[in-house]
Structure formats: structure tokens, C-alpha cells
Amino acid sequence: MSTELVTMNIGPIHPSTHGVFRMRVTFDGETIIDAEPIIGYLHRGSEKLAEERTYTQIVTLTDRMDYTASMTNNQAYILSVEKLAGIKPAERGVWLRMIAAELQRIAAHSVAIGFLINDLGAWHTPLLYLLREREKILELFEMMCGARITNSYLRPGGVFMDAPDEFWPSLNRFLDEMPERLNDIENLLTDNEIIVSRTQNVAVLNKEDAINASITGPMLRASGVDWDLRHRNPYDFYDKVSFRRPLGTVGDNNDRYLVRLQEIRESLKIIEQCLDLIEPGPIKPEEVPFLVRPGEGDSYVPIEAPKGELGFYLVSDGGISPFRCHVRAPSLMNLTLLRDMVIGYKIADLFVTFGSVDVNMGEVDR
Amino acid sequence: MFGIGLLKGLFTTLKNLFGPVFTVQYPNKKVGLLGALKFHKKTPANFIKTQPKDFVKSLAGLHEVPEYPDQATRFRGQDFNWFEDRCTGCASCAKYCPLGIIKIETKPSVRDAKEGSSYDIDVFDIDIGRCMFCGLCVEACPFDALHMGSGFERANEKRDGLVIPVDELRTAIKTPSTWFRPQMENKNYKPKEIDAEIKDYRDIGRHEKPSDDELTERWVDER
Amino acid sequence: MGPARDSFLFEIVYCHLSKDPSCDSVRYINLSFIPVELNWLSFSLTAFFWIFAFVNAALISVLMLIWGERRLIGKFQARLGPNRWGPLGLFTPIADAIKVMFKEDVEPTLSDKLIYVLAPILMVVPVFMIFPVIPYGAKSFLTNISVGVVFVLAITSINSLSVLMAGWASGNRFAIIGGIRAVAMLLSYEIPMGISAAGVVIIAGSLSLSEVVEAQIIPNAIFQPLGFLVFLVASTAELNRSPFDITEAESELVAGYMTDYSSMKFGLFYLGEFMATIASSAVIVTFYLSGWRGPSFLPIPGEFWFFAKWIGVIAIFIWFRATFPRLRIDQIMSLAWKGLFELSLINILVIALTMAIWPDPTSTQLLFMTGINWVVFLGSVYIFGKILSPNLTGNKIDKRKVIYGLD
């Protein structure tokens, strides 16, 4: 029996579109026939604004792109500036920003998993357990740099200020507590039959499609591709620490959840190694001025942000602000295959898939 | 088997039901008698005598006591702290502000130039309605005259009220945040403590880079 | 028209009013004032009194449940829950109710006006009708209708009509999807619910709720665990509560069938849902947890046991909501038709067989029957979990673990 198709606008204002994302979806009963993502509701022109700011001022713009992962945004931008201006960063500064970036990865993955489970219909319980852990990370950030979300912690050459004395015991306490909390989360979620049956073999993304669509990050690793820029193309001191890269076997929503959860554990290990390796010293080379003025040229340094490969392509004409700044945003790239992933599944799967892609509209629209 | 995972989940939530509560009830929380006694540090008899109304309220669990979240000393707060004696009116802060929200007007000083005030500052307005508290102005200040504040309660009904005028900057109680001021951190200055006000700009001191020996010593100690 | 002699609640008001000779003249001496000729008057007055009392009790208990649910879920989630209004936030639902009343009542242009207004009323009114037939104590019930079990099951299924009406009349696509989901789900779950209730009726040998309670020497939850499980799951679905809350499905359909409702119309839906939870919990207590019966050696009135069990069942519903994510529509349907339906059939078969063998069981035989039921329960749940459940999910499931990249 054929019935009339229903076309619905889901978003831009909708409880589970994680910001202002809009999908024009055609349903046949409960089954998705077509889904057209429409973006651009949060466009703030960050890339254009960057052309009128000095290199240090742009750090504040990068905070606001992926606002769940400001530290890694800062890191990607700063690495690019350092390459452009030929600045050799101070060692302690690099360790500090690695610690910050890994903490940020834990926070971002907590948000991703929490909201994914919320999209599955849980009454906020796993989300609040994970936000509770994220809160501790934000408090650590507040100690480090005085802000919880829009950190602006990194500067060309390192970080602007050493972590305070009370930061280190707090960090150690967090590292001690977190694995236990993760076990709690795993008990609550991983074997839960409802979650398993809702997510396994739904919205499968195979290796070839993922690579062809230049999808990166946990989403690519969930499809079984061993591609982690921290391992393949080490930046900062990631070649001095060892960590495992969790990979999925099928590439469905469940794998994306599992990979993120295990990456949190790996990040904890990286932070512990950083704590062993970090040495006292300057956090920023003396000679780096407040007003960075690189010579002519361009640079692009990709990093492994929580959502995937993030890089700032900077072109300099020798002035105090970049001639052109382009952001390779993982959220946008990962969103491109949403349509192909959800067709043929049910309405409920659409939101779960969208949640498992883990996009941040601030980064998609920039 | 189907159902084991569900049971595991049920027990995890049950465990958390009896676990600690994570909420901080800013700005105040309602307490019963025990909580009130603990907060006021009084014996029951003393509490009845001094605060009979509060005693009755606390019996119903309605007595309100203030509660604040823990705040890091580097917290970039809303009310900027500014020491006019130190400020030369160079407008570095205004230049480095990404949003251009600091407005400075100066005129040549009529006072003796030897005092160090070659310029008088007429206007030093900070429009915190548009401020994003990145703190670059504080970082740019070459004389440690401008500091981030430590407060966060400046809600206002009008946008005009969000502009901090120079008079307010001059007269406000100064409890600056230690953001980008390591010299204050080294003195163990805590902005949220009682009597934390800094009356004289000299108390802040200038930032001197610690020697490598000093750094190593500190790092080894705390490890 | 004499008073229903076994209804203590009815008698206590009626006999204070009427000079009816059938009343115990010793207990109600000199208090009654309405002559026997005006019996209809005292009868109506009694009815009005109890209608007033029950409606208000139901409304107040909804307020308490709103507070209790939010507070308890808050505790489950390691936070406080409502705490600003009154001690422990007790007045929060009152503030909520006042807020809802004063909100603007928006009526969508495309809505079907009459049905749009009727739907919330139809959601609330039937639920009130469950409370009078529930036996709260040995004699504390308002009326003991002889087909109580059927009555209760019939009344609880009316609200699916209301949900469909609301969804259709709103003229909103989110709402109509919610409404259609509701009808599909609620109709499917009626069947396992009814069949497992038949197991209760077989034990009692009567459709009267009082006799259902009387017959439970061993609580039915222990005597026929399979029926209890099916009934509990089916009631959760009937109540649109998590994990079966696909009709509202905040993360999918915004608010499902009540997306376009505002002000007090929304308030009525809210009220109806919570009241249905309370009523359904009372039904579960009556059917499966031996109602007002408690340990007989304790000198505690049956009403206490009833209310204690009642609160316990409501707490279990809240616990479910705090823990479980939502199932998908096709999984919900296959759970009803491929899972619970068969389980309820197995249950009724075993109950009927054992009752045929021992029509009038002694206490040893009762224990033996309980043993048989438990064996059947564990066996069928195991078979269901092991063999059938992978086929219920709609997509293949397997045991999953991440692998790690090689260096």
C-alpha cells in the first residue's frame, strides 16, 4: 500500500539539532526517503573577520568556532601561525597545551556521547553524568586560564601563562577518578540492550565512502580506518607519547559511540604520560613579540581535533594580520554524508545518526 | 541475554541515587536547622537568641544562607580593575582589544611631569556589554595598570549600564583577578577572600620573570 | 435503593445523612436528618461528596507526583531537582500550575477547532473514573462493580483516542506522526495487557477488583511473575512513559501530539498523563501486589499497605524513566506482537492448566503452583532473551568491542 509522502522541516529550531541545523526530510510513513541538510544559520564570518585582526587576536575567534573544543581550535591555529612565522615553541608550553588539548578531547567526547544518548531518548541521565565530569575539566581550565569555554589559552610560541600550583593536584585527582566514572558510564550504556538494538547496524558508513568523502576523526576510525593525525603526522610532542587508537569494525552508530568512549581512556593515558615528561622551564620563548609579524607565505598544519582533522590555512602578505584565513572544519566535512547514511532508516534513526556524527554548528557555519 | 544490560543500567542509576549531589545552589541555598547552625557556627541556644526569625524558618527548612561556587583566582571577571596612578594613557589596551570597546581620551597633564603623569585621562570607558573577556587588553598593558576583575554579577536592564565609566573604575573596590599577573599569584593573593581589596597599586608589584633555578625548585617541590 | 453495604466509604457518609433503617442505628445514632422518603437526596449528596473528594484527591496527588518525579529523577541524576519554592521545593508544581493557567492560549489556524478542544478533556476525564473502583482497603472503596477488571482495562484505553484526536486536530506534522504512533502502540499493548490480566481473573474466579485482592494469598507478582512482567511493561507502554515515550519523543517529534497545545490545554494533557500513571500504578498494586493485603500479624490497616505499594510502583516507573533510552517504533511493535503477546499466552496457558488440575488449591499446592510458574517464567524469559530477542530489534545485533590500530 503506497501512501502520500510527507515532507517536514526539521529545524533550525528543534530540540535535537544541536544548534541551528535544518533538514528537509521526506518520509514515507516512518521511513526516510530523502534528507536534505541545510546549513548556514550560524554563519558569523569568522574567516573574513580574521583578515582584519592581528595574529594574537584571532585566537579569540577560534574559541568560538567549535565551542565544545576551544583548546584544540586554539592549538590548530597556533601551530599554523608558528609554522608561518617560523617560531620554535617553548617545550613546557607545548606540554601544557598537549595536556589542555587532551583534557578538551575528553570534554568534547563527553558532550558528544551525552547528547548522542539524549537523542536516543534517555531522560538526560547519562548526559548529566558526563556533564558532571566535563564540569571538572572546565574547572581545571578555569584554573589554567580563567575561562571555562572560550579559553584563548594558547599564544604563538606556547601558552600565555604557566598552570598555577593548585592545578596539578586537581588534575591528578581528576585522572584518578575518571576511569571509575567511565566504568559507570559503560555499565549504564555499553551493554544496554535498548541502545545496542537502536544503534548497531544503523547508518553504516563503509571505509571507502568515508575516505572518499574525506571524513576524519572518530567517525573515520569507527569505520575501521586507522587514521589518527596524532599518530600519522605527529604535531607537538605526540611522537613522544604512546597511545592506542580504538577502531570500529562495522562503522555504525554503535561503533562511533564505542570509539569515542575508548578515546577518552586513551586521552587519560596521554595526560598521564605528559605529566611524567613535562619539565620546568619557560612557557613561551622570550623573542616572540605580542604582535607577530610573519613574512610572506602560507601554512597549513592539520591536527586531530575531537571531531576530526582541523586545520587553519593561513596566507600572509607580511602584514600584522593574515591575508586569507581558511578553516578546514571537520564538522562540515563529516556532515556531508548524512543524507546517504540515513536514507531507508526510521525517523528516530535520523537524530541518532546526526548525534553520532557529532557536529558543532558553530564550526560548520563558522 | 536480553535484559542483563538493562539491569546493569538500573543498578548504576540506583548507585547514583544514593551518591553525592553535584549541584551548587548559587546564590543561596535553603537549609534546615543543622545546616543553619553549621553555617553560622552557633550553638542552638545562641542561634535562637540572636536570630529567632531565622530559627523558625530553619525549622521548616527555609532559612537561606549564601552559597557561591568555587572560583579560580585567574577567573576573568566582569568588572575591570584599573589603577590610574599607573596608567599612562598609552592606549595599548584599546589597540589590542579585538572588538575595540575601550574608549580612551587624554589631554596633556597640567600637573608636574616629574610625578609621572604626563597625560590626564578624561575618559576610560569599557563597554562590557560587547566584551568577550579574552583579556588581551590586560596582556597588552605594559605598566600592569589594567586588570581583569573577579566579579560576575553585573546583570543590568539597560545596555548603558554595562558601560564601565572612568569614575566607576577610579572608585570601585579593587579585587583584581590574577589573570596574567603572576606576581600576584606568587604572593598567594586570592581575590575572593575577605579583605582582598588592593588599596595601592604598589601592592601589586611588577612582573619579573622567575629565574630558571626558581622555576625548577618550585616544580620539584610540588611534584 | 439501599446503600452498598460493603462499601465503608459510601456508608459512612450516607448513614450520617439518611434515616435509612438499614444503617447501623447504634453507630450512626442521632446524626442523620434526612427522612427515608427523601432517600434520593441523601444518595445524591453522598455521591457529590465523594466525587468532590476523589477529584480533588486525584488532583493533589498529581501535584505531589510532579514534585516527586522531578525530585527523584534529580536525585537519580546526581542533582537536586526542584528546591526553590517552599521546603524541598514542594510548592514548585503549584507555581507551575499557576504559570500554565496564565499562559496565552494559542490555537493554530489550521486546527480542527472542536476536536482540538475536546482532546485534552478526553485525556483527563476517563482517568478519574478509575479511582472509585479501586479497593484501597478491605472496605475502603466507593463502589465494587462486578466487572471491575474489564472496566479498568476499558477506561485506560480511552486516552489513545484522545491522543489521536489531538495529533490530528493540530494540523501539524509532528503532531500527527505522534498521534499515529500512539494509536499503533497503545492498541498493540492492549492485547498482552488484557491477556495477562486474564491470568489474574482466573486465579480470583471473579472480575470484581475486591475479589481479585481477596484471592491473592500469595501476591500475583510472585505467583505469576510472567504475567506481572508483561503487565508492567505493557502498562509502561500504555502510559507513554520511557522507554516507550515515542508519542512525545522530545528528541524526535519536539513534543509529539501536544506540540501545538499551549496554556491550560497543555496543562490538561500533562495532568492526564500523570494521573494515568497514578491510576495505572493503583491497578498494578491491585492486580499483582495483593492490594491492601499485608503481613497479617502486624496491626497496620490495609490502606497503609496499599499506599506504600502504590508509591513503590510509581517510584519504579520513575526509575525506568531515569535509566532507559527510547525504543524505536518498529522495535516497540515487534516487542508487543512477537514478545509480550506470546509470553502472556504462555502465562495464561500455565495458569489455566494448573487451575484445572487443582481447582481449589491448598496452601502446599499453591506453593507448588508458584514453583511451576517460576520455572515457566525463567524458561520462557531465557528462551525469549536468547533466541527471539535478536529478531525483535529490526536490525542485526552482535557483541561488539573496539579493536586497536597496530603500530
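Reference entry: report on the structure contained in this document. (Residues numbered from 1 in each chain as written. Chains lettered and ligands numbered in written order. Predicted model: local features only at pLDDT ≥ 70, side-chain atom pairs only at ≥ 80, totals over all residues.)

Regarding the overall build of chain B
Along the backbone of chain B there are 9 helices and 7 strands. If you take every contact in chain B between residues at least 6 apart in sequence, the share linking residues at least 24 apart comes to 72%. (Helix = DSSP H or I, 4+ residues; strand = E, 2+ residues; numbered from the N terminus. Contact = placed C-beta atoms within 7 Å.)

Observations regarding the nonpolar core
Here is a general trend for soluble globular proteins: nonpolar side chains tend to be buried in one another's company. The biggest cluster of nonpolar side chains holds 260 residues, and the ones touching the most others in it are B:Cys137 and C:Phe231. Considering each element in turn, this core owes the most residues, 17 residues, to helix H4 (residues 91–119) of chain A. The residues contacting C:Phe231, other than those within four sequence positions of it, are C:Met193, C:Ser196, C:Ala197, C:Ile284, C:Phe287 and C:Tyr288. (Core = buried A, V, L, I, M, F, W, Y, C linked by C-beta atoms within 7 Å. Buried ≥ 20, exposed ≤ 12 C-beta atoms within 10 Å, placed from the backbone.)

Digging into the interface of chain C and chain A
With 35 residues of chain C at the interface, the matching set in chain A holds 41 residues. At the level of elements, helix H2 (39–76), helix H11 (250–253), helix H13 (302–323), helix H14 (329–357) and strand E1 (403–404) of chain C are the ones that each hand at least two residues to the side of chain C that touches chain A. Its residues assigned to classes, the side of chain C that touches chain A shows 15 nonpolar, 8 polar and 12 charged. Relative to E1(C), strand E6 (residues 246–247) of chain A runs antiparallel, the two sharing 2 bridges. Paired with A:Pro246 across the two strands is C:Tyr404, which belongs to E1(C). (Nonpolar A, V, L, I, M, F, W, Y, C, P; charged D, E, K, R; others polar. Pairing = 2+ DSSP bridges.)

Overview of the sheet that holds strand E5 (residues 119–127) of chain B
Residues and elements named next belong to chain B. If you walk across this open sheet you meet the 3 strands as E4-E5-E7, and the pairing is antiparallel. The open sheet has two edge strands, strand E4 (102–108) and strand E7 (163–164), and neither has a second partner. In terms of strand pairing, E4 meets E5 through 7 bridges, oriented antiparallel. Opposite Glu 105, over in E5, you have Val 123 as the bridge partner.

Some details on the interface of chain C and chain B
Each partner contributes to the interface: chain C provides 15 residues, whereas chain B provides 17 residues. Mapped by element, the contributors of at least two residues to the side of chain C that touches chain B are H2, H13 and helix H15 (363–392) of chain C. Of all the elements, H15(C) adds the most residues to the side of chain C that touches chain B, at 4 residues. Of the residues belonging to the side of chain C that touches chain B, the class tally is 8 nonpolar, 4 polar and 3 charged.

Remarks on unusual backbone geometry
Here the bond from B:Tyr26 into B:Pro27 is cis, since omega is 0 degrees, no more than 30 degrees from zero. Examined against the element boundaries, B:Pro27 turns out to sit in the loop between helix H1 (4–17) and strand E1 (28–31). In this model, C:Ser242 is joined to C:Pro243 through a cis peptide bond whose omega is 5 degrees. Position of C:Pro243 among the secondary structure elements: in the loop between helix H10 (225–238) and H11.

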